[in-house]
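Chains, contacts and geometry: an overview
Listed below, chain by chain, are the residues.
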Amino acid sequence: MQYLKLAELYEQLSSTPKRLEKTEILSKFLELLHETDKEVLYLLLGDIYPEYDERKIGISNQLVIKAISKATGTTTNQVTKEWKSIGDLGKVAEKLTKKGRQTTLHQQVITTEKILKNLRELPELEGKGTVEKKLSLITELLTSISPLEAKYLIRILISDLRIGLKESTIRESLAKAFFKDVKTAPEKIQKAIDKSNDIVLVFEIAKKEKIELLEKL
């Protein structure tokens with residue numbers, strides 16, 4: 001799916017502090033989410049792997065500052081100054097991308113698959129020239145996406161999504177999307193999450209709308 005759609009969903013979710021509203025927004029999204037886009041659920045929690053996987057993106061704020069600087073043609077000092085002023089590197093990326101991009105010629109349609117592919121390469125890089133390679137992978141994405149997408153990409157990189165979404169909200173949203181008439185659905189979904197530590201696997205099973213399949217997990 002288009003990464004922009006996910007960024008717009010992040011924005012919607014962050015616009016309300018009310019858990020019920022978040023559940024409503026998310027359940028509608030999950031209902032329409034195609035199985036081929038299931039790994040978007042990792043990104044919803046600001047992650048790129050299932051919970052049982054111990055690998056982490058592992059990107060420092062300093063590397064992110066360099067990437068924003070390189071992608072927007074701004075000095076690292078200017079990026080740092082904006083960060084001190086705004087207090088959110090995601091918003092800094094959004095602001096500087098808007099400022100630095102006079103034209104939308106560079107903007108491409110980036111998919112969530114491409115985002116996950118690049119981000120999953122980051123923990124695998126080792127040895128000589130690692131920092132430059134990481135910088136290159138991040139900059140490639142930053143120069144191809146819109147300011148809104150840049151805001152959330154940076155927040156994913158530094159594990160600070162700021163959309164107020166918890167696993168429990170996803171659990172409630174899955175129950176609302178696929179088991180509207182089953183009162184015990186949230187509890188059974190939670191048990192399935194606890195057993196598997198994999199929200200995507202639980203989504204796949206929930207989408208079949210057979211509660212007994214969750215119990216068998």
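This text goes with the structure placed above it.
Below is a short write-up of the structure. (Residues numbered from 1 in each chain as written. Predicted model: local features only at pLDDT ≥ 70, side-chain atom pairs only at ≥ 80, totals over all residues. Heavy atoms only, no water.)

A look at the overall build of the protein
Each helix and strand counted, the protein has 13 helices and zero strands in total. Shown N-terminal to C-terminal, the secondary structure of the protein runs as helices and strands in the order α-α-α-α-α-α-α-α-α-α-α-α-α. What you see for the protein is a C-alpha radius of gyration of 18 Å, in line with the 17 Å of a compact globule of 217 residues. Over its C-alpha atoms, taken along the principal directions, the protein stretches across nearly 55 × 40 × 30 Å. Scored against the burial criterion, the 217 residues of the protein give a buried share of 49%. Summarising the internal contacts of the protein: among those between residues at least 6 apart in sequence, 71% fall at separations of at least 24. Total accessible area on the protein is roughly 11,200 Å²; 50% of this is exposed by carbon and sulfur atoms. Computed over 38 positive and 33 negative side-chain charges, the inter-centroid distance for the protein is 5 Å. (Helix = DSSP H or I, 4+ residues; strand = E, 2+ residues; numbered from the N terminus. Rg over C-alpha atoms; globule rule 2.2 N^0.38 Å. Buried < 20%, exposed > 50% of the residue type's maximum accessible area, 1.4 Å probe, protein only. Contact = heavy atoms within 4.5 Å. Areas by Shrake-Rupley, 256 points an atom, 1.4 Å probe, with all protein chains shown as cover. Lys, Arg positive; Asp, Glu negative; His and termini not counted. Charge placed at Lys NZ, Arg CZ, Asp CG, Glu CD.)

Some thoughts on helix H7 (residues 112-121)
Within the sequence span of H7, burial applies to Thr-112, Ile-115, Leu-116, Asn-118 and Leu-119. One side of H7 holds all its buried residues, which, seen down the axis, span an arc of 165°. (Arc of directions from axis to C-beta.)

Brief notes about the side chain of Asp-88
Turning to its location among the elements, Asp-88 is positioned in the loop between helix H5 (76-86) and helix H6 (89-100). From its side chain, Asp-88 meets the backbone nitrogen of Gly-90 in a polar contact 2.8 Å long. Apart from the residues within four sequence positions on either side, Asp-88 is in contact with Trp-83, Arg-155 and Arg-162. (Polar contact = N/O pair within 3.5 Å; in protein donor to acceptor, adjacent residues only side chain to side chain.)

Brief notes about the packing of aromatic side chains
Any aromatic ring pair is given by two values, namely how distant the centres are and how the planes are angled relative to each other. What the rule picks out here adds up to two aromatic pairs. Judged by centre distance (4.9 Å) and plane angle (40°), the ring pair of Tyr-10 and Tyr-152 falls under tilted. Of this pair, Tyr-10 sits in helix H1 (residues 3-14) while Tyr-152 sits in helix H9 (residues 147-157), placing them 142 residues apart in sequence. Comparing Tyr-10 with Tyr-152, the two get one shared label, buried. (Phe/Tyr/Trp six-rings, centres within 6.5 Å; stacked < 30°, edge-to-face > 60°.)

A short note on the packing of helix H2 (residues 19-32) against helix H10 (residues 167-178)
Packing of H2 against H10 leaves a shortest axis separation of 8 Å and a crossing angle of 55°. The orientation of H2 with respect to H10, classified from their angle, is oblique. Every pair of crossing elements has a handedness; the one defined by H2 and H10 is right-handed. Contact residues: H2 offers Arg-19, Lys-22, Thr-23, Glu-24, Leu-26, Ser-27, Leu-30 and Glu-31, while H10 offers Ser-168, Thr-169, Ile-170, Arg-171, Glu-172, Ser-173, Leu-174, Lys-176, Ala-177 and Phe-178. (Axes fitted to C-alpha atoms, helices over the stretch in contact; angles between N-to-C directions. Parallel < 35°, antiparallel > 145°, perpendicular 65-115°, else oblique. Left-handed = near helix turned anticlockwise from the far one by under 90°.)

Things to note about the environment of Ser-15
Locating Ser-15 in the fold gives a position in the loop between H1 and H2. A residue is classified by how much of its surface remains accessible, and Ser-15, at 58% relative accessible area, is exposed. At 2.6 Å, the side chain of Ser-15 forms a polar contact with the backbone oxygen of Gln-12.

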